[in-house]
Amino acid sequence: MAMLKKRTRREDQIFVEGNIPMEYLYTVGPTLEPFFKKLKDKGEFHGAKCEKCGTVYLPPNYFCEACFERITKNVKLSSRGILDSYTIAHYDSLGKALKKPEIWGLIRLNGSDTPFVHRILAEPGKIELGCQVKAKLKAKSKRTGSMNDIEGFVPI
Ligand SMILES: [Zn+2]
């Protein structure tokens, strides 16, 4: 079989497995830029509210997932919320064992209808589903305008 012959069946394909390390910049766009700027500059959480159905998104969405309306309204939200779910990680994202387990949770801030994932700053036995949590932010001088400006969420 010649190398230049068109192969249309999967079992005729030739594969080379491997990993390609890549560095890239991801622009946050007009919807997330105000969110990160207010988080960095003011330590505030600003979500997006659909004016048609009232769904509030945090982080903000460009379109409403419930009714497909374009969202243009920003709303300031609390830094407190509810822990909707969580998991305890014993390995990092590269599969390396952690020295100390980490808790990652789904947090839904008061006033928002959607949760997001972030670190929970507590011992595993000291939290429960539905508990109240509060954001712990980095010092303003150390914020860069990313989700890492939030150190994590602590139970209250
Ligand atoms: Zn909507």
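Every value quoted in this text rests on a predicted model; they were computed, and no experiment measured them.

Participant: I'm lost on the nonpolar core in this one. Help?
Facilitator: In globular proteins that are soluble, nonpolar side chains generally tend to be buried together. Grouped together as the largest cluster of nonpolar side chains are 21 residues, with contacts concentrated most on Leu-83 and Ile-120. If you list the elements that add at least two residues to this core, you get α1 (29-42), β1 (45-49), β2 (56-57), β4 (80-91), β5 (97-109), β7 (132-137) and β8 (150-155). Element by element, the count of residues in this core is highest for β5, at three residues. The contact partners of Ile-120, leaving out residues within four places of it in the chain, are Leu-83, Tyr-86, Ile-103, Trp-104, Gly-105, Ile-127, Val-133, Gly-152 and Phe-153.

Participant: Which parts of the structure should I look at to understand the environment of Cys-131?
Facilitator: By secondary structure assignment, the location of Cys-131 is in the loop between β6 (116-120) and β7. For the pair Cys-131 and Phe-15, spaced 116 residues apart in the sequence, the C-alpha separation amounts to 49 Å. If we ignore the near neighbours within four places in the chain, the residues touching Cys-131 are Leu-83 and Pro-155.

Participant: I'm lost on the environment of Lys-40 in this one. Help?
Facilitator: Turning to its location among the elements, Lys-40 is positioned in helix α1. The contact partners of Lys-40, leaving out residues within four places of it in the chain, are Arg-143, Thr-144, Gly-145 and Asp-149.

Participant: In this structure, what is going on with the environment of Ile-20? I would like to understand it.
Facilitator: With respect to the helices and strands, Ile-20 occurs in the segment before α1. For the pair Ile-20 and Asn-110, spaced 90 residues apart in sequence, the C-alpha to C-alpha distance is 41 Å.

Participant: Which parts of the structure should I look at to understand the pairing of β7?
Facilitator: Residues in a regular strand point their side chains to alternate faces of the sheet. As paired elements, β4 and β7 share three bridges and run antiparallel to each other. Bridging from a neighbouring strand, Ile-82 pairs with Gln-132 of β7. Strand direction decides the pairing type here: β7 and β8, joined by five bridges, are antiparallel. Its bridge partner lying in β8, Val-133 is registered against Pro-155.

Cut-offs and rules
- Residues numbered from 1 in each chain as written.
- Predicted model: local features only at pLDDT ≥ 70, side-chain atom pairs only at ≥ 80, totals over all residues.
- Core = buried A, V, L, I, M, F, W, Y, C linked by C-beta atoms within 7 Å.
- Buried ≥ 20, exposed ≤ 12 C-beta atoms within 10 Å, placed from the backbone.
- Helix = DSSP H or I, 4+ residues; strand = E, 2+ residues; numbered from the N terminus.
- Contact = placed C-beta atoms within 7 Å.
- Pairing = 2+ DSSP bridges.

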